[in-house]
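Remarks on the overall topology
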Amino acid sequence: AHLSSLASMTPGGGVHGSQTSVNARRWRQKPLLRVYGEELYFKTGSDAVKLLSNEAERRDKDKPLYLEQFTNFMRHLQPVFDRSPKYAWLAKILLEPERTVSFKVTYIDDWGNARTNRGWRVQHSSSLGPFGGPMHFGRHVTEDLLRAQSFDATFANALTGRRLGGAAGGANFEPALASEAEIQRFCQSFMTELQKYVGPGLDLPSMGVNCGSTEIGYMYGQYKRTATNLSKHGFGMLWGGSVPHPEVHGYGPVSFAKSFLEARGDSLRGKRCLVTGSGKVALAVADKLVAEGAIPLTLSDTSGFIYEEGGLPSAKLAQISTIKAERGARIGRYIVASTTAKYNDPEDIFDVPCDLVFPTNSNEIDAQAAEKLANNGCSTIVDAGYSPTTPEAIASLKKLGVAHCPFRATLAIGNALAYTSKEHQIIKADISDEIDKEAARVFQEVQRTASEYNVRGDLDAGAAIASFLRVANVMASHGSV
């Protein structure tokens with residue numbers, strides 16, 4: 001199929017005009033895939049989803065995380081392929097990232113020994129603009145994880161409305177086991193190699209797990225020693241070493257929940273909310289909840305969780321922020337400063353009665369946790385991190401009548417502001433209003449798209465379809481690249 005012809009999908013452009021059955025049949029008569037000489041056709045959107053999912057598994061059977069994200073994303077696109085089969089050919093191109101870079105990172109530890117780690121940057125799609133996406137450090141980082149995240153970043157960034165592609169990167173370096181000097185030397189060595197593949201107009205790395213403002217500063221310091229395209233303080237490539245508003249990634253999910261509840265004639269005020277995690281994002285979520293009149297009840301880390309029955313007001317959040325500012329500090333230290341806090345009581349954080357949940361850690365809500373939350377009165381789960389709710393849990397939530405706000409939509413809000421390069425930065429007093437406006441725009445687009453494709457109320461499908469169409473309609477004008 002000649003993809004250059006896809007630029008005008010319908011007389012009205014996009015898929016929002018009328019499609020004749022003749023054109024649909026013409027595309028279905030073409031083989032979508034050719035595997036070992038066998039030509040594979042499809043008749044329905046469901047058939048197309050199966051063919052694409054099977055092809056992804058054939059190519060990347062050693063990457064289960066990526067396959068799970070790809071397969072579930074394609075499943076949401078079934079009504080798109082039914083209405084306009086041409087889009088299946090564009091989805092096929094997205095099977096492969098544009099570039100995957102793997103490299104050695106060697107640095108000297110405090111004892112004078114050479115240590116070696118592996119670094120990656122997976123650049124999935126630049127159809128909408130320069131690549132953009134997180135950097136993660138930790139033993140959990142693998143090429144499989146980054147492949148999945150770069151794929152999802154392509155669509156989360158599409159919903160920002162900015163000209164931004166999707167990427168993800170990082171290294172299997174564990175900052176919690178390193179001194180500050182070792183972290184600095186590692187970041188410098190890491191950026192010495194990474195700078196060959198990133199920069200203004202090419203790839204804009206951002207913060208991620210174990211890669212916060214400090215690591216960004218170290219990496220930018222090395223970048224400006226080795227590159228000529230520098231950034232101004234507070235914006236551009238790595239924000240010139242100074243992240244202007246790290247809290248936007250936590251404010252975004254709360255503002256999305258606010259728009260979602262207002263559309264139902266409700267509000268956040270007085271709602272009991274569970275927040276998982278205790279990093280910058282989780283603390284920003286709790287801070288925004290307090291500002292909206294909600295009651296954050298919990299925070300957690302790998303050691304356990306704290307639970308304040310009366311809520312965590314701003315003063316207590318400030319105490320926790322001070323504790324967690326120390327590398328390696330555990331949330332349990334907070335109970336020394338509070339006479340009312342409970343630690344790991346009840347045994348499971350999801351046993352705490354609540355109205356909403358804001359999970360920040362990947363895959364922490366499975367089907368069992370979803371059922372437990374529904375039984376405890378939870379009405380809405382709002383993803384506040386990368387893919388915290390498993391596909392099985394999402395399916396279970398639908399049966400249980402619990403609403404789900406997907407990460408592709410909630411994370412797009414913070415990205416929209418984080419990647420906006422402005423000479424005159426938004427002052428912190430106004431950042432909450434800016435986030436609310438962006439959240440309302442994203443929510444309306446997701447809700448409208450879900451209704452248009454007859455999946456009314458399914459925000460997961462709405463976010464997937466809306467973001468895919470943004471990417472695919474631009475890809476169509478680029479031809480077979």
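Keep in mind it's a predicted model, so treat the numbers as computed, not measured. (Residues numbered from 1 in each chain as written. Predicted model: local features only at pLDDT ≥ 70, side-chain atom pairs only at ≥ 80, totals over all residues. Heavy atoms only, no water.)

1. Things to note about the sheet that holds strand S5 (residues 131-137)
Using the following cut-off: Strand pairing follows a simple DSSP-based rule, namely that at least 2 bridges must link the two strands. Going along the chain from the N terminus, every DSSP run of H or I of four or more residues is numbered as a helix, and every run of E of two or more is numbered as a strand. As a rule, the C-alpha atoms of each element are fitted with a line to give its axis, helices using only the stretch in contact, and angles between N-to-C directions run from 0 to 180 degrees.
Across the sheet, five strands lie side by side as S3-S4-S6-S5-S7; this open sheet has mixed pairing. Looking at strand neighbours, the two that pair on one side only are strand S3 (99-108) and strand S7 (203-206), the edges of this open sheet. Neighbour-to-neighbour, the strand axes of this sheet turn through a mean angle of 20°, independent of strand direction. Sheet topology note: the S5/S7 ladder contains four bridges and is parallel. Bridge pairing in S7 places Gly133 opposite Pro205.

2. With respect to the pairing of S3
Of the strand pairs in this sheet, S3 and strand S4 (residues 114-125) are connected by 10 bridges, and their pairing is antiparallel. Bridge pairing links Val101 to Arg121 in S4.

3. Digging into the side chain of Asp460
As a reminder of what qualifies: Relative accessibility decides the category of a residue: with a 1.4 Å probe and only protein chains considered, values under 20% of the type maximum give buried, values over 50% give exposed, and everything between is partly exposed. Only four residue types enter the tally: Lys and Arg on the positive side, Asp and Glu on the negative side, with His and both chain ends excluded. Salt bridges are defined as contacts in which a side-chain nitrogen from Lys or Arg sits within 4 Å of a carboxyl oxygen from Asp or Glu. Polar contact criterion, stated in full: a pair of N or O atoms within 3.5 Å, where within protein one must be able to donate a hydrogen and the other to accept it, and residues adjacent in sequence count only if both atoms are side-chain atoms. A contact between two residues is defined here by any heavy atoms of the two lying within 4.5 Å.
Examined against the element boundaries, Asp460 turns out to sit in helix H16 (residues 459-478). Within the buried set, Asp460 has no salt-bridge partner at all; the shortest N-O distance to an opposite charge, 5.7 Å, is to Lys398. Looking at Asp460, its side chain comes within polar contact range of the side chain of His404, at 2.8 Å. Non-local contacts of Asp460, meaning those with residues more than four positions away in its chain, are made with His76, Ile394, His404 and Pro406.

4. Observations regarding the environment of Leu145
In this fold, Leu145 is placed in helix H6 (residues 143-158). Classification of Leu145 by relative accessible area gives buried; the value is 11%. Distance from Leu145 to Tyr453, taken between C-alpha atoms, is 30 Å for residues 308 residues apart in sequence. In contact with Leu145, not counting residues within four places along its chain, are Leu65 and His140.

5. Focus on helix H13 (residues 391-400)
Within H13, burial applies to Pro391, Ala393, Ile394, Ser396 and Leu397. The inward-facing, buried residues of H13 contact helix H3 (64-76), helix H12 (367-375), strand S14 (380-382), strand S15 (403-405) and H16. Taken from the residues just after H13, Gly401 is the one with a positive phi, measuring 80°.

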